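Given next are the chains, with one letter for each unit.
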Amino acid sequence: MIPFPGEFSEDEGLSRAELKAKKRRRMMRKRRTTVIVLICVLVFGLGGFFGIRAAGGVVDDLFGGGADYEGNGTSEVTLEIQPGSSARSVANQFVEEGVIKDSKPFLKEVERRNVTIQAGPVIMRKEMSSKAAVDALVNPIKPPKMTIAEGRKIEQIKATMIESGMQPDAVDKAIDDKTPKDYGLDVDAPSLEGYLYPATYDLDKAKTAEDIVKEMVAKTKLELETAGIANKDANRILTLASLVEVESPGDEETRKKVARVFLNRISDKSQTGQLLQSDATVAYIFGARADLTTTKEERNSDSPYNTYKKKGLPPGPINSPSAGAVDAALNPADGTWQFFVATNPDTGETKFANTYSEHQKNVEEYRKWLREKNG
């Protein structure tokens, strides 16, 4: 390049070797600038990429994605799906927890099978294929369970079934106005009270409330057969057992003595006019009071379950008795007791008496406990 008049070239006066070295330095600066630009692009580009992934998997939609694990997974993990969660938010949750590798194949599988993801706890496995993960949502790895505790009444059992996810109308339809005969157990009983066996049941999504009730009654039928209780005796035994369950939640010996007291009271040698006079049956009618007592008005009820006015056993069980209570009803202790009272309900201490005067002394101990309990 020939400089214009008055201009001075910065290369003027340099030797050929110096000009060559200067040219090489310029090329190196250009290369460094290019590398720095590329690094910035990569850093900010990748940072933005992962930010988008964390925000919702948009990059997967734009650039394909689709990585997937194979098989049914490894170790189990329990997750909580929040109410109102979208399929995408669940997919992201599964990715973060290591359940699935990528959200896109999972979302495709959910869409293909038209699956509605329910809120609540769910058991999954680490490193599941998308198909296996959706399978686990449709057919849980371990079905949820429902436990019916011993001594529960029908209304309590119904409440547990509803809390477990069953529809109230379906539960009512399966239980109300039904008897054991409606579910294949040939026993004369006024209702299903006492025939819904206390146990733990699997709640597979395919099961209806009626299916669960059918299982409960079938379990009762099996237990009756195992215990050698004939159908004609079942209602009497279970009714007595249900009274023992409430009146004596203590040890085996006490339960068998309580069973004997009830049998003595309805026998020909009864000192109570063959009246059981059980507060448990009155509480069944009106609900239990906090101090475990009944009122005079309640004891005057005309209900067939009021054993202060109706002789003998009530028409049917007042709860679902435990196996221990059933055993006590089948094998009551030997004795002539006609009265008993839990003198200390906190400890379960129960005292028995042959005469009413002895019983009154024991009752005074119970009243003392009440006074101390109520201040």
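Placed above this text is the structure.
Since the structure is predicted, the reported quantities are computational estimates derived from the model, not experimental observations. (Residues numbered from 1 in each chain as written. Predicted model: local features only at pLDDT ≥ 70, side-chain atom pairs only at ≥ 80, totals over all residues. Heavy atoms only, no water.)

K.L.:
Can you tell me about the packing of aromatic side chains, naming the residues and giving the values?
P.N.:
Centre-to-centre distance and the angle between the planes together describe a pair of aromatic rings. With the rule as written, the count across this model stands at seven aromatic pairs. Pairing Phe 262 with Phe 340 gives two aromatic rings, centres 5.7 Å apart and planes at 85°, and the pair type is edge-to-face. Taken together, the positions of Phe 262 in helix H10 (residues 252-265) and Phe 340 in strand S5 (residues 339-344) put the pair 78 residues apart, joining distant regions of the chain. Per residue, the accessibility class of Phe 262 equals that of Phe 340, and both read buried. In textbook terms, an aromatic cluster arises when at least three aromatic residues are bridged by ring pairs, as seen for Phe 262, Trp 337, Phe 340 and Phe 352. Across the ring face of Tyr 308, the terminal group of Arg 299 is positioned such that the distance to the ring centre comes to 5.7 Å. (Phe/Tyr/Trp six-rings, centres within 6.5 Å; stacked < 30°, edge-to-face > 60°. Helix = DSSP H or I, 4+ residues; strand = E, 2+ residues; numbered from the N terminus. Buried < 20%, exposed > 50% of the residue type's maximum accessible area, 1.4 Å probe, protein only. Lys NZ or Arg CZ within 6 Å of the ring centre and 35° of its normal.)

K.L.:
Explain the pattern of salt bridges residue by residue, including any values.
P.N.:
Taken as a whole and assessed by the stated rule, the structure comprises 22 salt bridges. Among the salt bridges present, the one from Lys 256 reaches Asp 327, with a minimum N-O distance of 3.6 Å. With Lys 256 in helix H10 and Asp 327 in helix H13 (residues 323-330), this residue pair connects regions lying 71 residues apart in the sequence. With its nearest N and O atoms 2.8 Å apart, the salt bridge here joins Lys 309 to Asp 302. Because the salt bridges share partners, they merge into one network encompassing Glu 109, Arg 112, Arg 113, Lys 131 and Asp 135. (Salt bridge = Lys/Arg side-chain N within 4 Å of Asp/Glu carboxyl O.)

K.L.:
Quick one: what's the story with helix H7 (residues 168-175), residue by residue and with numbers?
P.N.:
Of the residues making up H7, those classed as buried are Val 171, Ala 174 and Ile 175. With its buried residues spanning 85° around the axis, H7 presents them on a single face. Away from its buried face, by an angle of more than 90 degrees, H7 presents the exposed residues Asp 169 and Lys 173. Buried residues in H7 make contact with helix H6 (154-163) and helix H8 (209-226). Directly after H7, the chain includes Asp 177, whose backbone phi takes a positive value near 60°. (Arc of directions from axis to C-beta. Contact = heavy atoms within 4.5 Å.)

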